Amino acid sequence: MLPLVAACNGGDPGEEDFAPETAEASQALACGTTRHGTMGDGTGFACSGAYATARIDARVQANAICPSGLCNVVEARGDCREVRDREYWAVYTMQFSCNVP
């Protein structure tokens, strides 16, 4: 019996999730050289929720810029602060290149 090999990505939020390659995805895509950036913001009942909402906002913007997908993604949490009693606001940034055919 062979041991199960775990993915090398130990859950780093800056890394893309693994997706098995399909016939459509195997078409030659390359990572473009132009760098782009987005900044999302969001609110939540704690900084963790505010960051999650802000990350979604940044990702939606990035997907609009790169409809063929992202590569060389660098994500970073920005500021998080309480804006009202038990409501937090956070910023999340992404820098990336676009996949190009």
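This text gives an overview of the structure that appears in the document. Residue numbers here run from 1 along each chain, matching the order of that chain's written sequence. Whole-chain, interface and lining totals are the exception, using all residues; otherwise, since this is a predicted model, local features are given only for residues with pLDDT of at least 70 and side-chain atom pairs are given and counted only at 80 or more. The basis for every side-chain value is the complete set of heavy atoms in the structure, and neither hydrogens nor water enter the calculation.

### Here we look at the pattern of salt bridges
We count a salt bridge whenever a side-chain nitrogen from Lys or Arg sits within 4 Å of a carboxyl oxygen from Asp or Glu. Summed over all chains, the structure comprises 4 salt bridges. In this structure, the salt-bridge partner of Glu75 is Arg55, at a minimum N-O distance of 2.6 Å. Of this pair, Glu75 sits in strand E3 (residues 70-84) while Arg55 sits in helix H1 (residues 47-65); the two residues are 20 residues apart in sequence, bridging distant segments of the chain. Buried, partly exposed and exposed residues are distinguished by accessible area as a fraction of the type maximum, computed with a 1.4 Å probe on protein chains only: under 20%, between the cut-offs, and over 50%, respectively. Classification of Glu75 by relative accessible area gives buried; the value is 13%. Close ionic contact of Glu87 with Arg84 constitutes a salt bridge, the shortest N to O distance being 2.8 Å. By sharing partners, the salt bridges in this structure join Arg55, Arg59 and Glu75 into a single network. The helix count covers DSSP runs of H or I at least four residues long, the strand count covers runs of E at least two residues long, and both are numbered beginning at the N terminus.

### Some remarks on the state of the cysteines
Throughout, a disulfide means two cysteine sulfur atoms within 2.5 Å of one another. Going through the model one piece at a time under the given rule, you end up with 3 disulfides. What pairs with Cys47 in a disulfide is Cys80, and their sulfur atoms sit 2.0 Å apart. Residues Cys47 and Cys80 are joined by a disulfide whose S-S torsion is about -100 degrees; by sign, that bridge is left-handed. Pair noted here: Cys47 is in helix H1 and Cys80 is in strand E3, with a separation of 33 residues, a long-range link. Between the sulfur atoms of Cys66 and its disulfide mate Cys98 the distance is 1.8 Å.

### Describing the side chain of Asn99
In this structure, Asn99 sits in strand E4 (residues 87-100). The exposure class of Asn99 is buried, given its relative accessible area of 19%. Every residue pair with non-hydrogen atoms within 4.5 Å of one another is taken to be in contact. Residues in contact with Asn99, not counting those within four places in the same chain, are Leu29, Ala30, Cys31, Ser68, Gly69, Leu70 and Cys71.

### Side note on the environment of Arg77
Along the chain, Arg77 turns up in strand E3. Considering only alpha carbons, one finds Arg77 and Arg55, 22 residues apart in sequence, at a separation of 8.4 Å. For Arg77, the residues in contact, after removing those within four places along its chain, are Tyr51, Val91 and Tyr92.

Structural measurements only, silent on function.
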